[in-house]
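Architecture at a glance
Spelled out from the first residue to the last, the chains are:
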Amino acid sequence: MTNGGPTSHAATSQDGTSPLLSVDGMAVSFAVGSRLAARIKNEQRFLHAVDGVDLDIAKGEALALVGESGSGKSTFALALAGLRQPDRGEIKFSGRTLPRNRSSADQRRIQMVFQDPYSSLNPRLTVGSMLRELIRVHHIVPPGQADEYCKEMLTLVGLGPDAMKAFPRQFSGGQRQRVAIARALVLRPDVLVADEPVSALDVSVQATVLNLLGDLRRELGLTLLLISHNLAVVRHLCDRVAVMYLGRIVEVAPTEQLFSDPRHPYTKGLLAAIPKLAASPPGPDDQGPAVVGDPPSPLRLPVGCRFRTRCPIAQPICEEQDPMLTTGAGDTGHEAACHFAFGGYSHPLRPPPTTQGNSGAGAGAGVTDSAPLTDAAGATSFPQQGD
Amino acid sequence: MTGPLDSPVLQVRDLHVQIAARHGTVRAVDGVSLEVNKGEAVGLVGESGSGKSMTLRAILGVLPPEAKITSGEILLDGVDLVKLPNHALNEIRGPKISMIFQEPMSALNPVMRVGYQIAEGPRVHRGYSKAKAAERAIELMRRVGIPDPERRFRAYPHEFSGGMRQRVMIAIALSCDPEIILCDEPTTALDVTIQDQILRLLAELCRDSGVSLIFVTHDLPVVAQLCQRVAVMYGGELVETGAVHEVLLDPRHPYTLGLVRSAPDVEHVRESLVPIPGSPPSLVSPPSGCRFHPRCAFVEEDCRVQPTPLRQLPGNRATACLHYERTEEALAADRIAP
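Calculation notes
- Residues numbered from 1 in each chain as written.
- Chains lettered and ligands numbered in written order.
- Predicted model: local features only at pLDDT ≥ 70, side-chain atom pairs only at ≥ 80, totals over all residues.
- Domains from an automatic or database assignment.
- Contact = placed C-beta atoms within 7 Å.
- Helix = DSSP H or I, 4+ residues; strand = E, 2+ residues; numbered from the N terminus.
- Nonpolar A, V, L, I, M, F, W, Y, C, P; charged D, E, K, R; others polar.
- Pairing = 2+ DSSP bridges.
- Axes fitted to C-alpha atoms, helices over the stretch in contact; angles between N-to-C directions.
- Buried ≥ 20, exposed ≤ 12 C-beta atoms within 10 Å, placed from the backbone.

1. Some points on the domain arrangement of chain B
Residues and elements named next belong to chain B.
- Taken domain by domain, chain B consists of domain 1 (8-96 + 178-336) and domain 2 (103-177).
- On a C-alpha basis, the centres of domain 1 and domain 2 stand 30 Å from each other.
- With 11 residues of domain 1 at the interface, the matching set in domain 2 holds 12 residues.
- The leading source of residues in the side of domain 1 that touches domain 2 is helix 8 (residues 192-209), at four residues.
- The residue makeup of the side of domain 1 that touches domain 2, split by class, is nine nonpolar, two polar and no charged.

This is the structure in structure tokens:
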């Protein structure tokens, strides 16, 4: 999705300067299947995990990247942090393009916190030796001050200086995630990328880590990219949200705008699918699930709009044209990749295709075979079996 | 809350499960009593280590070898499952009571076609012929929303997506028309749109087929989507029970309040989340008195010494808190200054 012309990526920081981090046309793919078969047949299949993502992050901003598993959000984070080579696209930091092989100074600027603090910390190193090694390699402070600095960092994340001598196994999950955050912060990064930082933790512990991330952001002026599938967490912590679906960003908006006025049908479905505390079990007049079916295989992407196989308002145009991120009237910083997001397209609306599958007991017959898909048109309704 | 026609399908009375460990006896479940009516979905919520999964496993009689039911009764249609020998339990597992697990990939047989896995129950318990059982399996696959069941019958679990695998699990659980299905975090590993589909399917089964559910989860909003009643577990004990909306929106126990306040809610954005301080209690030597007292903001002297069994409150709900008015007051203050 390399689009010509200047698009408004909508991430200008408060004072109107250029974004701190700017990603342009990033694509990351994985080779799949047997290498041997690929060599014999002289063709290699690729899974395009990230497929043309443009995203700007302003200094001091907390940006959320949400999406379901397989949407490419974690791969995007890895490529951003320099832990995976993108196939295409460039990453600019303060206007300067980061080279493919980053210097250690560039590596330092973008640090990550991973999902599972049980596997992301070296079990054989004490917290102190872990942090000291980083300080030595990156020359953060003179060797004589390293210990003092480490203790300061551990205090900052809410662990005492005693944590220096402890091994990761001596900590609970929440404390380990604090160690992981200290490990990232010790390098004084400009951007902290947190990939599902609380989903491995118990509910009552999640709050402490989320509060910590919020506090650190305020105190250190940190720029935060939070990757999450939990929209409640995102709403709590972030200024802006980007929604990903099958390797593409389908909607970007300031948080409150996204929640109050979602424009992409996928975002709408995602919001409707979140369990709510004040909800009730669906009655006999249940309208059915918010989003039907399974996501298509990323190896066989639908032609045109990638969401159209599950979309309640899909039209012929959606198969013919791949929608690009566009803004509505006025520069509100709200972008969506849907032909009908801002009511701009004047195609006559056909009744949504989901109603076709409801008519009879011949489930599965409603799946149209016009497109190369597998698991489309899942469970809109269950044929009455009269039992 | 429940009509006069409802009679409990399952009654758990004062269940105790203990696990022998090197450092002492773990009191994993300590005096849990629970009732499930016909067609009712009961949520069992708590953090990891609260004993919710152990309670489920005890009901099905599939505890790990080092765990034992030390006392209590589990009555299914008046029969005490605790006293039943294993071969008699085998007659009950499937036709009367079945289970859905969190990870369908590890619960399904990876080298057996899913259709045969669904058909196995009716073959064994109902004596169905191979053809009749296959027919039944296809009917069940259609019922749980697997598209193209005739073709999918011959597929292997790895050919299914996570949501479809969970539908297969549900079809297996339904295959012998059980009265009650035990669900151990069946949607935790699923994406939110797929979770929504599965929860709706389970709610529909409850409503239309009259099957009862016990739904174990750590996610409070998920309970609200599916269940009529909820029981909150902490440290091996029940601390609060009642209708879902009353318990979740108007709790009477500081632990329930803590769970509600610490989780970000997509509909109400709060300035900061209020975590529950401290960590869950040791179940080898649990705190005296109320097990939550070391982490409780409203603790008083008697909480440290006095045992705290569930007490009935008006409105068919119960709490284990001695000073539940304090929770009410805190909630009222929350509402004034959200």
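2. Things to note about the interface of chain B and chain A
- Contact with chain B, which involves 49 residues of that partner, is made by 46 residues of chain A.
- Of all the elements in the fold, those that place two or more residues in the side of chain B that touches chain A are helix 5 (130-143), helix 7 (162-174), helix 8, helix 9 (220-226), helix 10 (244-249) and helix 11 (254-262) of chain B.
- Ranked by residues supplied to the side of chain B that touches chain A, first place goes to helix 8 of chain B with nine residues.
- Across the side of chain B that touches chain A, the residue classes tally to 22 nonpolar, 14 polar and 13 charged.

3. Let's talk about the sheet that holds strand 2 (residues 24-37) of chain B
Residue and element names in this part refer to chain B.
- Ordered by their spatial adjacency, four strands build an open sheet running 2-1-4-5, and the pairing between neighbours is antiparallel. Every interior strand has two partners, whereas the edge strands, strand 2 and strand 5 (79-80), have only one.
- In this structure, strand 1 (residues 8-21) lies alongside strand 4 (residues 67-76), joined through eight bridges in antiparallel fashion. Along strand 4, the bridge assignment pairs Q11 with L75.

4. Let's talk about the pairing of strand 4 of chain B
All names here are of chain B.
- Taken together, the two bridges between strand 4 and strand 5 define a ladder with antiparallel strand orientation. Opposite L75, over in strand 5, you have D80 as the bridge partner.
- Counting the residues that bridge the hairpin from strand 4 to strand 5 gives two residues, and of these D77 lies at a positive phi of roughly 50 degrees.

5. A short note on the sheet that holds strand 11 (residues 326-327) of chain A
Residues and elements named next belong to chain A.
- The strand order across the open sheet formed by eight strands is 6-7-8-3-9-10-12-11, and the pairing between neighbours is mixed. Every other strand in the sheet has two partners, leaving strand 6 (110-113) and strand 11 as the edge strands with one partner each.
- Direction of pairing for strand 6 relative to strand 7 (residues 191-195): parallel, over a ladder of four bridges. What sits directly across from M112, in strand 7, is V193.
- With respect to the sheet, helix 6 (residues 173-185) is in contact with strand 6 and strand 7, its orientation differing from that of strand 6 by roughly 175 degrees.
- Docked against the sheet, helix 10 (residues 265-273) engages strand 9 (240-245) and strand 10 (248-254), running at close to 105 degrees with respect to strand 9.

6. Topic: unusual backbone geometry
- Located in the positive-phi region is S94(A), a residue other than glycine, with phi close to 50 degrees.
- Relative to the assigned elements, S94(A) resides in the loop between strand 4 (88-93) and strand 5 (96-97).
- The class of S94(A) is partly exposed, set by 13 C-beta atoms lying within 10 Å.
- A positive phi angle, near 45 degrees, is found at E185(B), a position not held by glycine.

7. Quick notes on the pairing of strand 10 of chain A
Residue and element names in this part refer to chain A.
- Most of strand 10 is tucked away: six of the seven residues are buried.
- Inspection of the sheet shows strand 9 paired to strand 10 by six bridges, in the antiparallel sense. If you follow R240 over to strand 10, its bridge partner there is P254.
- Taken together, strand 9 and the strand that follows it, strand 10, pair antiparallel across an intervening segment of two residues, in which L246 is found at a positive phi of about 50 degrees.
- As paired strands, strand 10 and strand 12 (residues 335-336) are joined by two bridges and run antiparallel to one another.

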